[in-house]
Each structure stands twice: as structure tokens, then as C-alpha cells.
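# Commentary on secondary and tertiary structure
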Amino acid sequence: MKLNFEEASSKEYLLTNGIGGYSSSTISGANTRRYHGLLVASFNPPTDRMVVVSKIEETLIADGVSYELSSNQYPGAVHPGGYSFMEDYNCETEKAIFNYKMADYSLKKTIEIAEGENTVILTYTNSSAKAVTLVLMPLLVYKDYHVLFYQDEQFDFYKEDLDENYFRVYPKYQAHPLYIKFTKGSWKAEHDWYKKIQYKQEE
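Residues numbered from 1 in each chain as written. Predicted model: local features only at pLDDT ≥ 70, side-chain atom pairs only at ≥ 80, totals over all residues. Heavy atoms only, no water.

## Brief notes about the packing of aromatic side chains
Per the counting criterion, the structure on display carries twelve aromatic pairs. Seen in terms of ring centroids, Phe167 and Trp187 are 4.5 Å apart; in terms of plane orientation they differ by 40°. Their pairing is tilted. With a gap of 20 residues between them, Phe167 in strand β14 (residues 166-170) and Trp187 in the segment after β15 (178-181) connect regions that are remote in the sequence. On the basis of relative accessibility, which here comes to 1%, the residue Phe167 falls in the buried class. Residue classification places Trp187 among the partly exposed positions, given a relative accessible area of 30%. Through successive ring pairs, a cluster of aromatic residues spans Phe149, Phe155, Phe157 and Trp193. (Phe/Tyr/Trp six-rings, centres within 6.5 Å; stacked < 30°, edge-to-face > 60°. Helix = DSSP H or I, 4+ residues; strand = E, 2+ residues; numbered from the N terminus. Buried < 20%, exposed > 50% of the residue type's maximum accessible area, 1.4 Å probe, protein only.)

See below:
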């Protein structure tokens, strides 16, 4: 199954946690609405919804070749074109499952959201015969889900280590912290901003 960007960005998944929070985006991986987010938390269930993780930029590296699996729409361009590597998907259960195929490499991504918690769980499974490297870049935000997010000096996203593979991030002073835990790999903080990502017009 091969989808073009228009078709892939017109289909959405939605996973809810039962207390007002959710995870939602398009099948292409591109957020096209201000309400999209890998983790939209409800800090006063079922209201006070805040997008805290917009999405994750994913790159698979194998045999010295990098395959960018993400997609973003900018004025006049789509970059990267990760949707073209998608082999199939299943978003009709309590999980969103995406299968990617790149040359001789296969990767399965599963998105789940914990019931009754503002917690999203991502699992990556390498189905290839050889080992691969994954570079994952979470795009952190802290905004009401009704509004857009722009670069602002008050957002410093201060990181505090809790364990070897466990830390929390404070978006700004007195903001709710975001906790991130991973099973393998290492973490490096980078204060970069992704600008001019284009959303469709909404009423």
C-alpha cells in the first residue's frame, strides 16, 4: 500500500485516555491541525487540555543511510517524506500501528495511551535481519490545544535527570513538568525551534 501525502494527511487516528487527554495526528505523521499532538494532556480532567508533545521526528539509520520517517507540511513543500516508506497501518483498535519498509529494513511503530493517565507509550520494533539505529527527536510544546505555538523566550524547557534513562522537562517557570522515560539509548538536549509548519484552515 502506497499513499500520496494528500491521502495520508487526510486520514487521522485518535487515542483517548478517558480523562480528557488524547493522542492524535494524521496517518502521514504530519500534524495538520492545532488540535493534533502526540500527547495532549488534561491537567484538570476532563478540561484544561494542553499539547505537551507535538510529535516525534524519527530517523532510521542503516548501513550508513538515513531514512527520515516523519512528515511536515511547510509552505510549498512537504519535508521529510516519511509517509512514502509506510507499508501499512492499523488505527481501528486501542493502538495506532504503523509499518515502514525501507530497502531491506522494516520497522513497526506502535502508539498507545494509558487509561486514566496523561501518558503516551511508543514502541519501536525492528523486523529487519540486521540491527538499525533510531534517532528520535521529540518536539516539545506547552500550549492550550485551541491555540498555535510560536518561539518565545519564556519557554526554556529545562531538563532535570531522575535516572539514567528517566528525566523531566519543565517548559517554563511554574509549568507542569513532562516526564520522559526510555528503555535503550542516550539523550542529548537541543534547543531548536521548528518554524513555519503549515496547518490547514479550521473554522
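Next, the rest of the story.
## Section: empty space enclosed by the protein
In total, this model carries two cavities of 30 Å³ or more according to the counting rule given. Each pocket or cavity is described by its volume, and for the largest cavity that value is around 200 Å³. Every residue lining the largest cavity is counted, 21 residues in all, and those nearest its centre are Gly29, Lys55, Ile56, Lys109 and Ile111. At the level of secondary structure, the elements contributing two or more residues to the lining of the largest cavity comprise β2 (22-26), β3 (37-44), β4 (47-62), β9 (96-102) and β10 (105-113). Of the residues contributing to the lining of the largest cavity, the split by class is nine nonpolar, nine polar and three charged. In this structure, the second largest cavity occupies an estimated 40 Å³ of space. Along its surface, the second largest cavity is lined by Val52, Leu140, Val141, Tyr142, Phe157, Val169, Pro171, His176 and Leu178. Of the residues in the lining of the second largest cavity, the class split is eight nonpolar, one polar and no charged. (1 Å grid on protein atoms, 1.4 Å probe; cavity = no way out; pocket = protein on both sides within 12 Å on 5 of 7 lines; lining within 4 Å. Points joined across faces, edges and corners; volume = space filled by probe spheres on them. Nonpolar A, V, L, I, M, F, W, Y, C, P; charged D, E, K, R; others polar.)

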